[in-house]
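# Overview (structure and organization)
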Amino acid sequence: MIPSNYFFILSIILFVLGIIAFFVKRDLIGQLMGIEIMLNAANLAFLALAKASNFPEAQAIVLFVIVVAAAEAAVGLAIILLIFRRKKTIKTEDIRSMKG
Amino acid sequence: MKDIFWLIPFGPAISALVLVLFGHRLSRKVVSIQACAAVFFSFAVSVVSCLGLINANRADFPLIKHLFSWISAGSLKAGFSLQFDPLSAVMVLVVTGVGFLIHVYSIGYMSRDKGYARYFACLNLFTFAMLLLVLASNMILMFVGWEGVGLCSYLLIGFWFEKPAAAAAGKKAFIVNRIGDAGFILGVLFIVLVVGNSEFMAINEAIGNGGLARGTATGIAILLFIGAAGKSAQIPLYVWLPDAMEGPTPVSALIHAATMVTAGVYMVARMNLLYAFSGTAGQIVAVVGAVTAVYAATMALTQNDIKRVLAYSTISQLGYMFLGCGVGAYAAGIFHLYTHAFFKSLLFLAAGSVIHSLSGEQDMRKMGGLKKYLPRTYPAFLIGAIAIAGVPFLSGFYSKDAILTQAFAQGHYVLWALGLGAAVLTAFYMFRLIFLTFYGEERLDPEAKRHLHESPRIMTLPLAILAFFSITAGYVGLPAVLGEKADVFKRFLNPVIRPVSGGHLASGTEWLLILLSTTAALLGIVLAYALYLKNKRIPHAFVARFPGLYKLLYNKYYVDEIYDAVVVNPLVRCSEGIYGGFDLKVIDGSLDGSASAAALAGKILAYFQTGLLKDYALVFLLGVVIFMGVLLF
Amino acid sequence: MAIFLFLLLSVICVGSVLGMIISRNQAYGALYLVLAFSCLGGLFGMLGASFAAVIQILIYAGAIMVLFIFVIMMINLREGIAPEKKKWTIRASGFIAVILLAEIILASKGGPASGIAGAAQGAGPADLGRILLTDYLYPFEITSILIIAALVGAIVLAKKKEKK
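All values derive from a computational prediction rather than experimental measurement. Residue numbers run consecutively from 1 along every chain, following the written order of its sequence. The lettering of chains begins at A and the numbering of ligands begins at 1, in the order of writing. Residues qualify for local features only when their pLDDT is at least 70, as the model is predicted, and side-chain atom pairs are given and counted only at 80 or more; totals for whole chains, interfaces and linings, by contrast, use all residues.

### Examining the overall build of chain C
- Each helix is a run of H or I in the DSSP string that is no shorter than four residues. Each strand is a run of E no shorter than two, and both are numbered from the N terminus. Looking only at helices and strands, chain C features six helices and zero strands.
- By the burial criterion, 26% of the 164 residues in chain C qualify as buried.
- Any residue pair is listed as a contact if its two C-beta atoms, each placed from the backbone, are within 7 Å. The contacts of chain C with a sequence gap of at least 6 include a subset with a gap of at least 24, amounting to 55%. Counting other C-beta atoms within 10 Å of its own, a residue is labelled buried from 20 upward, exposed at 12 or fewer, and partly exposed in the gap between, with every C-beta atom placed from the backbone.

### Thoughts on the overall build of chain B
- Check the secondary structure of chain B and you find 26 helices and two strands.
- With the principal axes as the frame, chain B shows a C-alpha extent of 115 × 65 × 50 Å.
- Residues classed as buried in chain B amount to 51% of the 633 residues present.
- A separation of at least 24 residues holds for 81% of the contacts in chain B among residues at least 6 apart in sequence.

### Observations concerning the pairing of strand S2 (residues 76-84) of chain B
- Any two strands are treated as partners once DSSP identifies two or more bridges connecting them. Across nine bridges, the pairing between strand S1 (residues 63-73) of chain B and S2(B) is antiparallel. Paired with Phe68(B) across the strands is Phe80(B), a residue of S2(B).

### Remarks on the interface of chain A and chain C
- Contact with chain A, which involves 59 residues of that partner, is made by 68 residues of chain C.
- Those elements that place two or more of their residues in the side of chain A that touches chain C are helix H1 (4-24), helix H2 (28-52) and helix H3 (58-87) of chain A.
- Take the side of chain A that touches chain C: its biggest share by element is 20 residues, from H3(A).

### A short note on the interface of chain B and chain A
- Counting residues at the interface gives nine residues for chain B, matched by 10 residues for chain A.
- Here the side of chain B that touches chain A takes four residues from helix H26 (residues 613-632) of chain B, the largest share from any one element.
- Across the side of chain B that touches chain A, the residue classes tally to five nonpolar, three polar and one charged. Ten residue types, Ala, Val, Leu, Ile, Met, Phe, Trp, Tyr, Cys and Pro, are classed as nonpolar, four, Asp, Glu, Lys and Arg, as charged, and the remainder, Gly among them, as polar.

### Digging into the environment of Leu370(B)
Residues and elements named next belong to chain B.
- Locating Leu 370 in the fold gives a position in the loop between helix H15 (330-357) and helix H16 (377-389).
- With 21 C-beta atoms packed within 10 Å, Leu 370 lands in the buried category.
- Once residues lying within four places of it in the same chain are set aside, the contact partners of Leu 370 are Val 354, Thr 437 and Phe 438.

### Here we look at helix H10 (residues 249-258) of chain B
Residues and elements named next belong to chain B.
- With respect to burial, H10 is a largely interior element, 10 of its 10 residues being buried.
- When H10 is considered as a whole, its buried residues turn out to be Thr 249, Pro 250, Val 251, Ser 252, Ala 253, Leu 254, Ile 255, His 256, Ala 257 and Ala 258.
- Tucked inside the fold, the buried residues of H10 contact helix H3 (86-109), helix H4 (116-135), helix H5 (139-157), helix H9 (240-243), helix H14 (306-326) and H15.

### Quick word on the packing of H10(B) against H14(B)
Residues and elements named next belong to chain B.
- Angular values range over 0 to 180 degrees, each being the angle between N-to-C directions of two axes fitted as lines to C-alpha atoms, with helices fitted over their stretch in contact. Between H10 and H14, the least distance of the axes is 11 Å, while the angle of their chain directions is 10°. Overall, the two elements H10 and H14 adopt an arrangement that is roughly parallel. Counted together, Thr 249, Ser 252, His 256 and Ala 257 of H10 and Lys 307, Ala 311 and Thr 314 of H14 form the full contact between these two elements.
- Among the residues forming the contact of H10 with H14, the class breakdown is two nonpolar, four polar and one charged. Each angle gets one of four labels, with under 35 degrees taken as roughly parallel, over 145 as roughly antiparallel, 65 to 115 as roughly perpendicular, and the rest as oblique.

### Comments concerning the confidence of the model for chain C
All names here are of chain C.
- Across chain C, pLDDT averages 81, with 80% of residues at or above 70.
- Per-residue confidence from the predictor is given as pLDDT, running between 0 and 100. For chain C, helix H4 (residues 87-109) is the element with the lowest average pLDDT, namely 74, and helix H2 (residues 26-46) is the one with the highest, namely 92.
- Across the predicted assembly, pTM comes out at 0.70 and ipTM at 0.87.

### Details of the nonpolar core
- To count as a nonpolar core, a set of buried Ala, Val, Leu, Ile, Met, Phe, Trp, Tyr and Cys residues must be joined through C-beta atoms within 7 Å. If you look at the biggest cluster of nonpolar residues, it comprises 213 residues, and the most contacted ones within it are Phe126(B), Leu133(B), Leu323(B), Ile334(B), Leu346(B) and Phe431(B).
- Look past the residues within four positions of Leu346(B) in its chain and what remains in contact with it is Ala380(B), Gly384(B), Leu463(B), Leu466(B), Ala467(B) and Ser470(B).
- With 69 residues, the next largest nonpolar core counts Phe7(A), Val24(A), Ala48(A) and Cys39(C) among its residues.

### Let's talk about unusual backbone geometry
Residues and elements named next belong to chain B.
- Cis geometry is found at the peptide bond from Ile 235 to Pro 236, where omega equals -5°.
- Following the sequence through the fold, Pro 236 ends up in the loop between helix H8 (214-231) and H9.
- Residues other than glycine seldom take positive phi values, yet Ala 233 does so here, at roughly 55°.
- By the secondary structure assignment, Ala 233 is in the loop between H8 and H9.
- The backbone phi angle of Phe 393 is positive, close to 80°, even though this residue is not glycine.
- Mapped onto the elements of the fold, Phe 393 is located in the loop between H16 and helix H17 (395-409).
- Among the residues examined, Phe 393 registers 12 C-beta atoms within 10 Å and is labelled exposed.

Written out as C-alpha cells, the structure is:
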C-alpha cells in the first residue's frame, strides 16, 4: 500500500529533528526530549524495515526498545532532579564539572 | 715440571675474587692468611717452573700454554695464552717473591686500618694483573694486564680516599697512565695491522724474515715506548709517581718500586728484537732514560719528605734501566730491574717502618738520631742505601756497572757520563736521607717521641730477608772482566735476549770503568757526610748563595705547574664549555623539551574537554557521521 | 486513502516536533511531544504492528511523558529557557544534520526492497507472545529486571534526604 520508503524518509527526518532538538535546547529536559524523539524515529525505522523484509520479530524488538527507553527516562529524570537540587539550575552551560 | 707455569696467576686471582665478594665478612686473620698464601702459592709454582726451565731443552722456548680463544673478530685474533721463558721466569720470581714479602709486611703495617680486606683484595688483584702482564704471550693480553695494574694502582694510591690529596693523586696516576696507554694501543694496533696478530713469537718472526719495514718498526717502537714512559714514569709522563706516595707505604714498595713501574722495562726487553732492529728507537729510549735519571736525581736532592726522595730515586733508577735497554744491554737493564726490586722495596718498607714508629711522621726535618731507637730498621735501611749507591760487593753495584760499561762500550760516551753523574747524585741524596734520619741531633716532635718504638717482627722480618737479597742478588751477574762464564744472569736470558754485537772492551778499560763507578759512589757518600754530618751550615749557605736554583729544584722545576697551565686547565675549561653549551643545552634541553612538548600537547587537548555535555555530544555526532561516511564510500 | 492518512499523521508529527523545538516553555514542549508520540502510534498501526502501536501510546505517550511533566512541574521554573541563541551552534548542528540526512538517504538506497509494504503477514499479538516467550525469552526476562533496577534507582536517587 504505502511504500516503506516513505516511512524510512519520515524516520530519517524525525531522527535529524531529534538531533537538532538535542543541540538547540539549552536545558537538560529539552535535551532528554530530543533523545526520546531519536529513539522513536529508530523504532519507526525498525518497523518499516520489518514490514519491508517480512521480519515478524521486529515488534518484540520494538517492545524492548520502548521498555529500555522508559527505564532510561526514569533514571535520567531522577538525575536531572538531583542536579536541580544541587545546582539550582538545569541550564547545561552551567554544568561544567566534567571540565578538564 | 715446567708445564704448570700457567697456574701462576690464578692463585692471587681467586683470592682477589673471594676477598672482593666476601672480604668484609671474613676475620682479619683469615684475610691475611689467604692473601699471603695465594701469593706464596704463585711463588712456589714460579720456583718449580723456573727449575724446570733450567733443565729444559733450550730449543723449546718459549713454552706456550693456550687456555682458550678469547678474541676472534675477523682477522683480529687473540687467545688467552701464556708463555714461559727465561725472561718471564725472572719477572715472575721477582713479582711473586717480593710481592709475598710485602704482603706479609702489610699485615703489620695495615693492622689497624678499616679497609683491611679491601686492601688485600686490591693487592691480590694487582698481583694477578702483573703476573698476567709478564706471562702473556701476545700483546693484547699483555695490555689487559697493563691496564689491570694501572687500575689497581689507582685503587691503591687512593686507598685512603677520604683524603682529598690521596684521591687526587690516584686520579692523576690513572690519567697520566692513560695518556701513555694511548700510544701503547696505537703501537699494538699497528703491529696487528702489519704482522697479522700480536703474538710475540709472530712479531719476532716477522722482524726476522723482513716482514716489517724499518721505518714502521721505529714508529711502532716509539709508540710503545710512550706507553712505557707513562707506566714507568719517564719524562714527560713521570709526574704521577711522586704524588703516588699518598698511598700506603707497602703499596709504594710493591707497585712503585718493584713491579708496576718495571712493566715498561719488561715490555722493552720483551720486544728487544724490535728495538734492536730499529736503531733510532733504541737511541731515543736510551737518551730519555739517561736524561730522566739525572733529572730525577736532581729533584731528589732537595726533598724533605722521606718517601718523596725514594719516589724520585725510583724514577731515576728506572731511567738507568731504560738506558741499559736503549744501548742494547737488555740483559743488563733487566738485571738492574731485578736488583732494584730488592733494594728499592727494602728502602720503601724500611721507610714505612720509620714512619710507623714515628706515628705517621714523614718529614725528615722532624727526624734525626733515630739510630739508637730502631735497631732492626736502621741496618736494613743502611744496607739498602749502600746497595743503591752502587758500592762494590752489593747487588746495586753489579747491575749499575753492567749498564754503564755497556753504554761506554757501545760508544755512547755522553750517556755514560750522564749515568755516572746520576750515580754520584744517587749516592749523595741517599746518604743525605740516612744522615738526616738516623744521625745527628734529634729534631723529633715530642708527641712522636713518646710513642717511639721499633716495628713489630712481622714488619722487620721481611726487611731482613730483603736486605739479605740486596747484598747477594748481584752475584749472579758478575762483570765480564771476571770471565765470560761469570755472568750467569745474562746467559740465562740468552734465548730471549740476543746479545748485542760489538761492545767488547779491553779488560783494562773495564777495570777502569769499575774504578770510576766505585769512586762516583764513594764521592757521593763523602759529600753527604760532609754536608749533613760534619758541617751543617754548608747546605744552608749553599741555599743562600743560589736561592733561584734551590727554588727551581725544590719545586720540581715547576713541571706540575706548567702541565696544569698548558694541558690541564685548557682541557678543564674546554670540558666546562662543552658541558654548559652542549650537554646542558642540547641534551638536557631536548629531554626537557620533549617533556614540555608532551605537556603542551596535553594542554591543547585539554581545551576540548570543556565539561559541557553538548560539546561531547557534538563530537559523538561527528564521529558517527565520519564513520558512516567511511562505511559508505 | 491510506496515503492521505499517512500524510496527515506525518505532518502532524513533524509539526509538533518542530513546535517542541521552538517553544521555550518546557511544559508546552512536553505536550507537543505527547501529540507527536500519539501520531507515531498511529503510524505504527498503519504498519501493521498493532501491539507496538498500543504499547507506544500507553507507555510512551502515556507513562513517559507523564513522568516528564511531573519533573517539569517539580522543577517549577518561573521563566522558560529560550532555545540556543548562538548562531554558530545552530548552524553547525544544522550543517551536520544535513550531512547525516544525506548519508542516511544514500545508505537507504541500497537497502531492502523498497517494495510495497506488502504481505499481510503482520504478526498478531498471539504470535508476538509466542516469540517473546520462546526465542526472546532471555531479553524478556532481562528487561523486567532492568525495569526493576530503574525503578529502584530512580527512587533512591530522587528521594529527599532524611533530616537527622
